[in-house]
Amino acid sequence: MAGEGEKKAVLEMVQADGADEGCVTFVLHDEDHTLGNSLRYMIMKNADVEFCGYTITHPSESKINFRIQTRGGIPAAEPLRRGLNELSDVCQHVLNTFQVSMCDCSVHNMCLT
Amino acid sequence: MAARMENVEEIRNRVILGEFGVTNVHTTDFPGNYPGYDDTWNVEKFQKNFRIDVVHLDENSMEFDMVGIDAAIANAFRRILLAEVPTMATEKVFIYSNTSIVQDEVLAHRLGLIPIKADPHLFEYRNTGEESAEEEGSEIDTIQLQLKIKCSRNPRASKDSSDPRELYLNHMVYSKDIKWVPIGNQADVFADCCIGPVHDDILIAQLRPGQELDIVMHCVKGIGKDHAKFSPVATASYRLLPEITLLEVVEGEKAERLKQCFSRGVIDLEDINGTKVAKVVNSRLDTCSREVLRHSDLKNVVKLGRVRDHFIFTVESTGILPPDVLVTEAIKVLVAKCQRFLNELDSTAME
């Protein structure tokens, strides 16, 4: 699953032998609480997810172990993908709302206190 | 004790500030935790409840409210503002001559921390690798600055003056003495925007006659995670909106003492039928010192809490980029992070 040759791995999947596709630990490289906690929140909001958590294995290494367990036999990559998409949409909405309120602010000129 | 309706709402929405601790801190509204509540992620509900109100904006700092979002995402924005928005800062300092009493490494450290006014979008990251020994940096990824100054005696000073400002010329080295040296086609590309330190009055070193500094600096693009000199904010922080509820009517001298327990402007005394009655006017101004809980007769009168999804952000920029640009950049960085993993998932799925 890691990149070939010189390319550094960005995302790896670790699965216990014998377990179904629903319980997977993803290793996300070059990430920390910034993406870990916000992604965990978005994935926990999914009703199909039985367990979701992340750990920073060692503070000197910038990688997180992100574990997802689903119920109903759903492959774990699916809530991960959905969580990433939803987080991306949330950020887009926040950006649009912020830009609209900045435009309103400059039009009304009332926040230049 | 079974949780009643009002109690459940309070547990879901408020952080309680008690006398000996803070309770209800974590987000608990995940699907399945509360019977009767549907907590699955709902885009329409989020978009309906979410709003941003800009309270204060000037060229260096802004204060805005973000309401209806969870702490995990608000914290992600704060962390990105501090550590992952790229800027330009001095990385390599070539010291040709330093006869001042400031050591080379201390001087280089100070020069690195000076904020450089240059739009980071117009530059690339420098490719680190084997070529770091040979390549001095090209025009797309490096800004070259020069500091060349020599202190001398002022011939026109009076004989018995002891003021260094009168006796010496150039004895204080300020950031305004740093000059931009365009390389390659930078002189044409950046003809209109002046590249240099943001502030002119940062004191770098002090000299005496005969001492000089001859320094060339290379600035590169980086992020705060690598070194704090790349951080574009003086600081970025948030606090939750405080909420103060008076559980009973407080009047007279007790109301006066209650008013003193909170920050100015939070509690006001109204005149009703001749007695002064306390009323919460603006709980936003409170610093939540919980002073009122130290008084045994006042602590049961008041309930202190914070609204869990109302964040009051304060962003102070160092001057490189305006604070509203910084916030938009931070949001875009989080989108890019998500996109990176989505692309990775897609590419491994196709294998």
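The name an unreviewed UniProt entry gives chain B is DNA-directed RNA polymerases I and III subunit RPAC1, with Maylandia zebra as the organism. One UniProt comment on chain B, placed under Sequence similarities (unreviewed entry), says "Belongs to the archaeal Rpo3/eukaryotic RPB3 RNA polymerase subunit family."

Chain A is annotated in an unreviewed UniProt entry as DNA-directed RNA polymerases I and III subunit RPAC2 from Maylandia zebra. Quoted verbatim from the Subcellular location (unreviewed entry) field of the UniProt record, the comment on chain A reads "Nucleus".

So, about the pattern of salt bridges. Summed over the entire model, instances satisfying the criterion amount to 24 salt bridges over all chains. As a salt-bridge pair, Arg82 of chain A and Glu86 of chain A come within 3.2 Å of each other at their nearest N and O atoms. One end of the pair is Arg82 of chain A and the other is Glu86 of chain A, both in helix α2 (residues 77-108) and 4 residues apart, which spans about a single turn. Here the residues in one salt-bridge network are Glu31 and Asp32 of chain A together with Arg79, Glu84, Lys225, Lys337 and Arg340 of chain B, joined through shared partners.

Glancing now at the sheet that holds strand β11 (residues 178-181) of chain B. Residue and element names in this part refer to chain B. As summarised here, the arrangement of the 4 strands in space is β5-β14-β7-β11, forming an open sheet in which the pairing is antiparallel. One side of each edge strand has no neighbouring strand; the edge strands of this open sheet are β5 (87-98) and β11. Between one strand axis and the next, the sheet turns by 30° as a mean value, whatever way the strands run. Contacting β5, β7 (143-150), β11 and β14 (212-222), helix α4 (residues 104-112) crosses the sheet at an angle of about 150° to β5.

Now for empty space enclosed by the protein. Residue and element names in this part refer to chain B. What the rule picks out here adds up to 1 cavity of 30 Å³ or more. Within this model, the largest cavity holds a volume of roughly 30 Å³. For the largest cavity, the full set of lining residues is Phe64, Met66, Phe77, Leu81, Phe313, Val327 and Ala330. Among the secondary structure elements, those contributing two or more residues to the lining of the largest cavity are β4 (61-67), α3 (71-83) and α8 (323-350). Tallied by class, residues from the lining of the largest cavity come to 7 nonpolar, no polar and no charged.

What follows covers the interface of chain A and chain B. On the side of chain B, 47 residues touch chain A, which itself brings 43 residues to the contact. A buried area of about 4,300 Å², summed over both sides, lies between chain A and chain B, and 71% of it is on carbon and sulfur atoms. Ionic pairing is found between Glu31 of chain A and Arg340 of chain B, a salt bridge with its closest N-O pair at 3.2 Å. Applying the counting criterion to the chain A and chain B interface returns 8 residue pairs in polar contact (both at pLDDT 80 or more). The set of elements that each furnish at least two residues to the side of chain A that touches chain B consists of β2 (23-29), α1 (33-44) and α2 of chain A.

Conventions adopted
Residues numbered from 1 in each chain as written. Chains lettered and ligands numbered in written order. Predicted model: local features only at pLDDT ≥ 70, side-chain atom pairs only at ≥ 80, totals over all residues. Heavy atoms only, no water. UniProt positions renumbered as here; feature names shortened; annotations may be inferred. Salt bridge = Lys/Arg side-chain N within 4 Å of Asp/Glu carboxyl O. Helix = DSSP H or I, 4+ residues; strand = E, 2+ residues; numbered from the N terminus. Pairing = 2+ DSSP bridges. Axes fitted to C-alpha atoms, helices over the stretch in contact; angles between N-to-C directions. Contact = heavy atoms within 4.5 Å. 1 Å grid on protein atoms, 1.4 Å probe; cavity = no way out; pocket = protein on both sides within 12 Å on 5 of 7 lines; lining within 4 Å. Points joined across faces, edges and corners; volume = space filled by probe spheres on them. Nonpolar A, V, L, I, M, F, W, Y, C, P; charged D, E, K, R; others polar. Buried area = accessible area lost by both parts, 1.4 Å probe. Polar contact = N/O pair within 3.5 Å; in protein donor to acceptor, adjacent residues only side chain to side chain.

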